[in-house]
Amino acid sequence: MRLKYLLLISFLIVIAYSCTDKKEPKKTDDQEVQNDTLQAEIQTDTIGLSVFWKEFKMLALKENYGKLAEISFFPFLNHGSYITKEEFMDIRFPDYILEDIKKSAYPVRSEMVFEEGVDSNGDVVESPFKGGDEEPVFEVDLNGASLYFAKVDEKFVFVGLLYGE
């Protein structure tokens, strides 16, 4: 009988504690909106980039260049020049890049700034990827080569592959 009373009292204490109003520090409306917006952007980018990276890695390791082209942006920066989707289809990752992709880390924000360049016809191409806070570019360093990703129309895309330039 005594055990029942102890259990009942313990149960009531737990209920009473869980019902107490826990107060958080008061924020101003501007701070709250700004913090919530920033947090939502961070979470969206982190989740979006994480999902994209997982898909990219799977396609790259399966050497599915057709599907990689579908999640890439064109003109695509390849080893210093901008190429078309058709030219992209002729690219094959060397074995050392595939091995590095297999064991690579998650993409990180890059300091890379994509400047204007030339395409295979010698025409000047203006890059839409300037980097910075407004349009961040993300990269994966592959011990000499680097993969670059950015967000276009609310989706992440593969935008470039540089071989130690």
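Please refer to the structure higher up on the page.
Description of the structure in this document. Sequence order as written defines the numbering, with residues in each chain counted from 1. Note on the predicted model: pLDDT of at least 70 is required for a residue's local features to be given, and 80 or more for side-chain atom pairs to be given and counted; whole-chain, interface and lining totals, by contrast, use all residues. Each side-chain value is derived from all of the structure's non-hydrogen atoms; neither hydrogens nor water enter the calculation.

**Remarks on helix α5 (residues 95-103)**
Convention followed: For each residue, the accessible area found with a 1.4 Å probe, counting protein chains only, is set against the maximum for its type, and the residue is called buried under 20%, exposed over 50%, and partly exposed in between. A run of H or I in DSSP counts as a helix once it spans at least four residues, and a run of E counts as a strand once it spans at least two, with each numbered from the N terminus. The directions from the helix axis to the C-beta atoms are what the arc is built from.
Of all the residues in α5, the buried ones are Ile-97, Leu-98, Asp-100 and Ile-101. What you see down the axis of α5 is that its buried residues fit within an arc of 165°, all on one side. Exposed side of α5, more than 90 degrees from the buried face: Asp-95 and Lys-103 are the residues found there.

**So, the nonpolar core**
Keep this limit in mind: Buried Ala, Val, Leu, Ile, Met, Phe, Trp, Tyr and Cys residues that are joined via side-chain atoms within 4.5 Å together make up what is termed a nonpolar core. The criterion used for residue contact is that any of the two residues' heavy atoms lie within 4.5 Å.
In terms of nonpolar packing, the biggest core is built from 27 residues, with Phe-56, Leu-68, Phe-93, Leu-147 and Phe-158 touching the most fellow members. When residues of this core are traced back to their parent elements, those giving at least two are α2 (29-61), α3 (65-70), α5, β6 (137-142), β7 (145-152) and β8 (155-163). The element best represented in this core is α2, accounting for six residues. Apart from residues lying up to four places away in sequence, Phe-158 is in contact with Phe-52, Phe-56, Ile-71, Ser-72, Phe-73, Phe-76, Phe-88, Phe-93, Leu-147, Tyr-148 and Phe-149. In terms of nonpolar packing, the next biggest core, distinct from the first, is built from 12 residues, Tyr-82, Ala-150, Val-152 and Val-159 among them.

**Description of the environment of Arg-92**
Note the following rule: Under this definition, polar contacts are N or O atom pairs within 3.5 Å; protein pairs additionally need one hydrogen-donor-capable and one acceptor-capable atom, and for neighbouring residues in sequence, both atoms have to be side-chain atoms.
Among the structural elements, Arg-92 can be located in the loop between α4 (85-88) and α5. Placed 27 residues apart in sequence, Arg-92 and Tyr-65 show a C-alpha to C-alpha distance of 7.8 Å. Only 2.8 Å separates the side chain of Arg-92 from the backbone oxygen of Met-89, close enough to count as a polar contact.

**Re the pairing of β8**
Two faces belong to every sheet, and in a regular strand the side chains alternate between them. Convention followed: Should DSSP find at least two bridges between two strands, the strands are taken to pair.
Along β8, seven of the nine residues are buried, which leaves the element largely enclosed by surrounding structure. In this sheet, β8 lies alongside β7 in antiparallel orientation, the contact comprising eight bridges. Within β8, the residue paired with Phe-149 across the bridge is Phe-158. What sits between β7 and β8 in their antiparallel hairpin is a turn of two residues, with Asp-153 showing a positive phi close to 50°.

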